[in-house]
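Observations on the three-dimensional arrangement
Residue-level listing of the chains:
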Amino acid sequence: HCSKFADLIINNSLQTPQETLQKILNFLCLNIRRATIDDAYDIKKIHIETYQKSYRRYLPDKYLDNMPLNNEIIECTKKYLQETECWLATHEDESVAFAYVTYPANSVFEINALYVHPQDQKCGVGSLLVNYLCKSKKAQGFSKCIVWTMKFGPSLSFYEKLNFKKTKDKKLWKFDIPIIKLER
């Protein structure tokens, strides 16, 4: 379970051995690649469905229930993909997670969006994607990865398990929700 030796960390305390085996097998079949504009629909679908599940207690229901997935949104996502680096995790050619990466300072990269489809959460996909990005960016000469997450939200413990440390930096996000910066 130590990320020094593996990219997969599974809490199997509530799983049968068969369920744990299935998660390991799924992990071995994951592929990570640069996203293209052809992935825009899948990326936006994962984004919306993850928001609707993961942020249900944090953002207004009216906002979450009215997130459109239409041609205009897909075209905006295509444009964004042409301007921003995005990494996509796929399993058997199905998109399951993505991460947008930006570069706010010399030798620093930021994962400024990481979303795992709700049916694939808690299976190691997010951990794999983050560890992949950190390892590959380190090999490219980047010394630090930063992320911003809700101070009291569902992702904080996820990042802490991946050895991200809280900083004193904070700001307000949508609907005046406090977010904090973590780094690794």
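Thresholds applied
Residues numbered from 1 in each chain as written. Predicted model: local features only at pLDDT ≥ 70, side-chain atom pairs only at ≥ 80, totals over all residues. Heavy atoms only, no water. Buried < 20%, exposed > 50% of the residue type's maximum accessible area, 1.4 Å probe, protein only. Helix = DSSP H or I, 4+ residues; strand = E, 2+ residues; numbered from the N terminus. Pairing = 2+ DSSP bridges. Right-handed = clockwise from strand over helix to strand, strands pointing away. Axes fitted to C-alpha atoms, helices over the stretch in contact; angles between N-to-C directions. Contact = heavy atoms within 4.5 Å. Parallel < 35°, antiparallel > 145°, perpendicular 65-115°, else oblique. Nonpolar A, V, L, I, M, F, W, Y, C, P; charged D, E, K, R; others polar. Expected span 1.5 Å × (residues − 1). Arc of directions from axis to C-beta. Polar contact = N/O pair within 3.5 Å; in protein donor to acceptor, adjacent residues only side chain to side chain.

A short note on the pairing of strand S5 (residues 144–150)
Across the 7 residues of S5, 5 count as buried, placing the element largely inside the fold. Alignment of strand S4 (residues 108–116) against S5, held across 3 bridges, turns out to be parallel. Bridge pairing in S5 links phenylalanine 109 to cysteine 145. The parallel pair S4 and S5, bridged by helix H5 (residues 125–139), forms a crossover whose chirality is right-handed. Sheet topology places S5 next to strand S7 (residues 178–183); 5 bridges connect them, and they run antiparallel. Note on S7: the bridge partner recorded for tryptophan 148 is lysine 181.

Overview of the sheet that holds strand S3 (residues 94–105)
Within the open sheet, the 7 strands sit side by side as S1-S2-S3-S4-S5-S7-S6. Their pairing is mixed. With one partner strand each, in any of the chains shown, strand S1 (30–34) and strand S6 (165–172) form the two edges of the open sheet. Across the sheet, the mean angle from the axis of one strand to that of its neighbour is 25 degrees, orientation sign disregarded. Relative to strand S2 (residues 85–91), S1 runs antiparallel, the two sharing 5 bridges. Bridge pairing in S2 links leucine 30 to histidine 91. On top of the sheet, helix H2 (residues 40–54) reaches S2, S3 and S4; it is set at about 90 degrees to S3, its chief contact. Lying over the sheet, helix H4 (residues 71–83) contacts S2, S3 and S4, oriented at roughly 50 degrees with respect to S3.

Here we look at the packing of H2 against H4
The geometry of H2 relative to H4 is characterised by a closest axis approach of 9 Å and an angle of 110 degrees between their N-to-C directions. When the axes of H2 and H4 are compared, the pair comes out roughly perpendicular. Contacts between H2 and H4 pair Ala40, Tyr41, Ile43 and Lys44 from the former with Ile73, Ile74, Thr77, Lys78 and Leu81 from the latter. The class makeup of the residues in the contact of H2 with H4 is 6 nonpolar, 1 polar and 2 charged.

Observations concerning H4
Three- or four-residue spacings in an α-helix give side chains the same orientation, since the helix completes a turn every 3.6 residues. Its 13 residues give H4 an end-to-end C-alpha distance of 19 Å, which sits within 8% of 18 Å, the value for a rise of 1.5 Å per residue. Here H4 has its buried residues at Ile74, Thr77 and Leu81. Buried positions in H4, seen along its axis, are confined to an arc of 60 degrees and lie on one side of it. Opposite the buried face of H4, by more than 90 degrees, sit the exposed residues Glu72, Lys79, Gln82 and Glu83. Where H4 is buried, its residues touch H2, S2 and S3. At the N-terminal boundary of H4, the capping side chain belongs to asparagine 70, with an oxygen 3.2 Å from the backbone nitrogen of glutamate 72.

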